[in-house]
Amino acid sequence: MSDSIRSRLDRVLARIDTACASAGRRPDDVRLMLAVKHRSVEDICLALEGLVAARRPLLIGQNHVQQARASSEAVRERYPEVEIHLIGHLQTNKITQALACVDAIDTLDSQRVCDKIASRLNTPLPVMVEVNVSEEDSKTGCPLDEARPLIERVLAEPHLSLRGLMTVGVLSENATARRAAFARLARLKDEFDPSLELSMGMSGDLAEAIAEGASIVRIGTDVFGPRPQ
Ligand SMILES: *Cc1c(COP(=O)(O)O)cnc(C)c1O
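Quick caveat: nothing in here was measured; it's all calculated off a predicted structure. (Residues numbered from 1 in each chain as written. Predicted model: local features only at pLDDT ≥ 70, side-chain atom pairs only at ≥ 80, totals over all residues. Heavy atoms only, no water.)

### Remarks on helix H5 (residues 111-119)
Helical geometry: 3.6 residues make up each α-helical turn, so side chains three or four residues apart lie on a common side. Along H5, the positions that sit buried rather than exposed are Val113, Cys114, Ile117 and Ala118. Angular distribution of buried residues about the axis of H5 spans 130°; they occupy a single face of the element. Exposed residues lying more than 90 degrees from the buried face of H5 are Arg112 and Ser119. Residues of H5 that are buried sit in contact with helix H4 (95-101), strand S4 (104-108), strand S5 (125-132), helix H6 (144-156) and strand S7 (160-166). (Buried < 20%, exposed > 50% of the residue type's maximum accessible area, 1.4 Å probe, protein only. Helix = DSSP H or I, 4+ residues; strand = E, 2+ residues; numbered from the N terminus. Arc of directions from axis to C-beta. Contact = heavy atoms within 4.5 Å.)

Okay, structure coming up:
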């Protein structure tokens, strides 16, 4: 197969490096997170093998708690150093299951979920606050104008360790609009702590996200191929 996961991964890594160079950033300022929803353990491991060969950190984003539960153990057995984050919406009735199989929750988007997670923890859990920077109604993420109090709440909660901010951005044809949305998240991050992570950018807009300061880009399609239905 000419278009193997491995060759697609290598092309994505090259795009990240090019985008870093254009933005005057160092390639190791930006980590690739594999967005693995609906992918098999076998495919996930092929991509991880490519990251090992390229000497990159091993980072996985799972959308569904159920899928994370089904694959995490097998993946960790082969790649003990892998870091698995939840990047899909977290329902409160799945919190216990999620905490059992992921290392971080990147989609904290309400005080309610924040309190529920914190009440189940004894040691601090790395989290990101997910923000909707699109100014239009979207299902995921805390609205931008409610993000500050939520971030304050997370910072005040001893059982949560704020690692950064995440966004899906704006799904627009217009590159200027997409970049402006990423820039909004970057400004919010700088207001609190410039050293926080910024998880933003997917297959279609990774270069724009890197130009605006992304430290993690979440890539599915361009590594694994079209999404299975
Ligand atoms: C699927 C998904 C991605 C990756 O999107 P692609 O366009 O397939 O690269 C990133 N982030 C989230 C939250 C996703 O659900």
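### Things to note about the site of the ligand
The full set of residues close to the ligand is Ala35, Lys37, Asn63, Ile87, Met166, Met202, Ser203, Arg218, Ile219, Gly220, Thr221 and Arg227. In the environment of the ligand, an oxygen atom lies 2.8 Å from a nitrogen or oxygen atom belonging to the backbone of Gly220. In this structure, an oxygen atom belonging to the ligand sits 2.5 Å away from a side-chain N or O atom of Thr221. In isolation the ligand exposes 390 Å². Once the protein is present, 89% of that is buried. (Near = heavy atom within 4 Å. Polar contact = N/O pair within 3.5 Å; in protein donor to acceptor, adjacent residues only side chain to side chain. Areas by Shrake-Rupley, 256 points an atom, 1.4 Å probe, with all protein chains shown as cover.)

### Considering the layout of surface pockets
One number sums up the size of the largest pocket: a volume of about 820 Å³. Along the wall of the largest pocket there are 36 residues; nearest its centre are Lys37, Asn63, Ile87, Thr140 and Val168. Those elements giving two or more residues to the lining of the largest pocket turn out to be helix H3 (65-78), S5 and strand S9 (216-219). (1 Å grid on protein atoms, 1.4 Å probe; cavity = no way out; pocket = protein on both sides within 12 Å on 5 of 7 lines; lining within 4 Å. Points joined across faces, edges and corners; volume = space filled by probe spheres on them.)

### What about the environment of Arg8?
Relative to the elements of secondary structure, Arg8 occurs in helix H1 (residues 5-22). Each C-alpha atom, one on Arg8 and one on Gly220, is 11 Å from the other, the two residues being 212 residues apart in sequence. Excluding anything up to four places from it in sequence, Arg8 contacts Asp3, Asp222, Val223, Phe224 and Gly225. A distance of 3.2 Å separates a polar atom in the side chain of Arg8 from the backbone oxygen of Val223.

### Section: the packing of H1 against helix H2 (residues 41-53)
One way to put it is that H1 packs onto H2 with a least axis distance of 9 Å and a crossing angle of 50°. Between H1 and H2, the angle falls in the class oblique. The two elements H1 and H2 meet at a crossing, and its hand is right-handed. Residues Ile5, Arg6, Leu9 and Leu13 of H1 touch H2, and the partners they reach there are Asp43, Leu46, Ala47, Glu49, Gly50, Leu51 and Ala53. Taken together, the residues of the contact of H1 with H2 sort by class into 7 nonpolar, 1 polar and 3 charged. (Axes fitted to C-alpha atoms, helices over the stretch in contact; angles between N-to-C directions. Parallel < 35°, antiparallel > 145°, perpendicular 65-115°, else oblique. Left-handed = near helix turned anticlockwise from the far one by under 90°. Nonpolar A, V, L, I, M, F, W, Y, C, P; charged D, E, K, R; others polar.)

### Quick look at unusual backbone geometry
At His38, a position not held by glycine, the phi torsion is positive, near 65°. Positive phi values are uncommon outside glycine, yet Arg55 reaches one of about 55°. For Arg55, a relative accessible area of 77% corresponds to the exposed category.

All we've got here are geometric facts, nothing functional implied.
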